[in-house]
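The chain contents come next:
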Amino acid sequence: MTLLLIACAAVMLASLVGVFFISSSTGRFFERNMGYLVSFSAGVFLIIAYGLSTETLEHAPSLPQGVLYIFLGALGIWTLFKLLPGLHDHPEHGHTHSHPIDPRRVLISDAFHNVGDGILLAASFAVSPALGLAAVVSVFIHELLQETSEFFVLRAAGYSVRRALGWSFLVSSTVLVGALGGYYFLDLFESLEPILLGISAGAFLVVVLSDLIPHSVRDARSTSHYAAHIGWFVLGALLMFLLAAFLGHE
């Protein structure tokens, strides 16, 4: 249990990676290029959605059930924010867009993903400390890139630095739900993992297709910097793909 809690703490610390982008010099650079960073994040989250979809189909009892889990995740988060428009957050600190990014979709998608990571950590440590350590390294490195992209998205949505970091850390704490549940009720939580993976995959697809890519397209149109946006998108997708290839959850 002690090793598992230390592993969760390490994963949660990855959510604070945004502090490296708020110094006077780097902060100004990232603020000026926030539109490109959203394109970068779109590439990262697209590969995450693809990876989660693949894992869902592999772990689901059948292919149709796996597809159903992904569909329900996409439909669920899309319906949730259609029915609850009053929860929309207003941009802070001068960030205004005619169609702003809805950061709640990213946060909720990440929460489901983190619960799945917690189950993975619990299952790995249940086998052996060595396998658990390998899982921690894999999840932590994945989280660094994902949380960096999430920080960019929250900032582009108008969140202050403090608020973006606070919400990222809070959402990252859902890894404890999966880890503790997996530790005490491993069989039950492992049976729920395909469902959580599918919901997370579908939710991330909605984030990418409904929020991030449209935001990048609008920014590219307003600045006529289409090639730059495509380049940042490809860079994000390529980096996440390489991480997934060399540090996969398997």
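As shown above, the structure is provided for reference.
What comes next concerns the included structure.

Scoring rules and cut-offs
Position labels on residues start from 1 in each chain and follow its written sequence. This being a predicted model, a pLDDT of at least 70 is required before a residue's local features are given, and a value of 80 or more before pairs of side-chain atoms are given or counted; all residues contribute to the totals for chains, interfaces and linings. Heavy atoms throughout the structure, all of them, feed into the side-chain values; hydrogens and water do not. In DSSP terms, a helix is any run of H or I states spanning at least four residues, a strand is any run of E spanning at least two, and both are numbered starting from the N terminus. Expected span of a helix, by definition, is 1.5 Å for each gap between consecutive residues, and there is one gap fewer than residues. Buried, partly exposed and exposed residues are distinguished by accessible area as a fraction of the type maximum, computed with a 1.4 Å probe on protein chains only: under 20%, between the cut-offs, and over 50%, respectively. It is the directions from the helix axis to the C-beta atoms whose arc is reported. Contacts: residue pairs with any heavy atoms within 4.5 Å of one another. Residues belong to one nonpolar core when they are buried, are Ala, Val, Leu, Ile, Met, Phe, Trp, Tyr or Cys, and are joined through side-chain atoms within 4.5 Å. We define a salt bridge as a side-chain nitrogen of Lys or Arg found within 4 Å of a carboxyl oxygen belonging to Asp or Glu. Between N or O atoms, a polar contact is any pair within 3.5 Å; within protein, one atom must be a potential hydrogen donor and the other a potential acceptor, and residues adjacent in sequence are included only when both atoms are from side chains. The criterion for an aromatic pair is that two Phe, Tyr or Trp rings (for Trp, the six-membered ring) have centres within 6.5 Å, with stacked assigned to planes under 30 degrees apart, edge-to-face to planes over 60 apart and tilted to the rest. Geometrically, a charge over a ring is one whose NZ (Lys) or CZ (Arg) sits within 6 Å of the ring centre while staying within 35 degrees of the ring normal.

## Focus on helix 6 (residues 129-156)
Right, so step 1: Taking 1.5 Å of rise per residue, 28 residues should cover 40 Å, and helix 6 covers 40 Å from first to last C-alpha, within 8% of that figure.
Right, so step 2: Backbone geometry just after helix 6 places Gly-158 at a positive phi near 105°.

## A short note on helix 7 (residues 161-172)
Every α-helical turn comprises 3.6 residues, leaving residues that sit three or four positions apart pointing alike.
Right, so step 1: If you check helix 7, its first and last C-alpha atoms are 16 Å apart, about what 12 residues at 1.5 Å a residue would give, namely 16 Å.
Right, so step 2: Looking only at helix 7, the buried set comprises Ala-164, Leu-165, Ser-168, Val-171 and Ser-172. What you see down the axis of helix 7 is that its buried residues fit within an arc of 135°, all on one side.
Right, so step 3: Buried residues in helix 7 make contact with helix 1 (2-13), helix 5 (103-127), helix 6 and helix 8 (175-184).

## Describing the nonpolar core
Right, so step 1: Phe-45, Ile-48, Ile-101, Phe-152 and Leu-212 are the most contacted members of the largest nonpolar core, which has 39 residues in total.
Right, so step 2: Broken down by element, the residue count for this core peaks at 11 residues, all from helix 3 (residues 34-59).
Right, so step 3: Leu-4, Met-12, Ala-135 and Ala-179 belong to the second largest nonpolar core, which has 14 residues in total.

## Considerations on the pattern of salt bridges
Right, so step 1: If you walk through the whole model with that rule in mind, you get 2 salt bridges.
Right, so step 2: Salt-bridge contacts for Arg-104 lead to Asp-102; the nearest nitrogen and oxygen are separated by 2.5 Å. Comparing Arg-104 with Asp-102, the two get one shared label, buried.
Right, so step 3: Note that Arg-105 is salt-bridged to Asp-211, the shortest N-O span being 3.7 Å. Taken together, the residues span a long stretch of sequence, with Arg-105 in helix 5 and Asp-211 in helix 9 (residues 186-223) at a distance of 106 residues. We note that Arg-105, like Asp-211, is buried.

## Considerations on the side chain of Ser-53
Right, so step 1: Structurally, Ser-53 is set in helix 3.
Right, so step 2: At 2.7 Å, the side chain of Ser-53 and the backbone oxygen of Ala-49 are in polar contact.
Right, so step 3: Apart from residues no more than four positions distant in its own chain, Ser-53 is found in contact with Ile-70, Ala-201 and Leu-205.

## Details of the packing of aromatic side chains
Right, so step 1: Overall, the coordinates contain 6 aromatic pairs when judged by the stated rule.
Right, so step 2: Taking 6.4 Å as the distance between ring centres and 5° as the angle between the ring planes, the aromatic pair formed by Tyr-36 and Trp-232 counts as stacked. One end of the pair, Tyr-36, is in helix 3; the other, Trp-232, is in helix 10 (residues 226-246), with 196 residues separating them in the sequence.
Right, so step 3: Since its relative accessible area comes to 15%, Tyr-36 is described here as buried.
Right, so step 4: Three or more aromatic residues link up through ring pairs in this structure, and these residues are Tyr-36, Phe-40, Phe-151, Phe-152 and Trp-232.
Right, so step 5: Across from the ring centre of Tyr-159, 4.2 Å away, lies the NZ or CZ of Arg-163, which sits over that ring.

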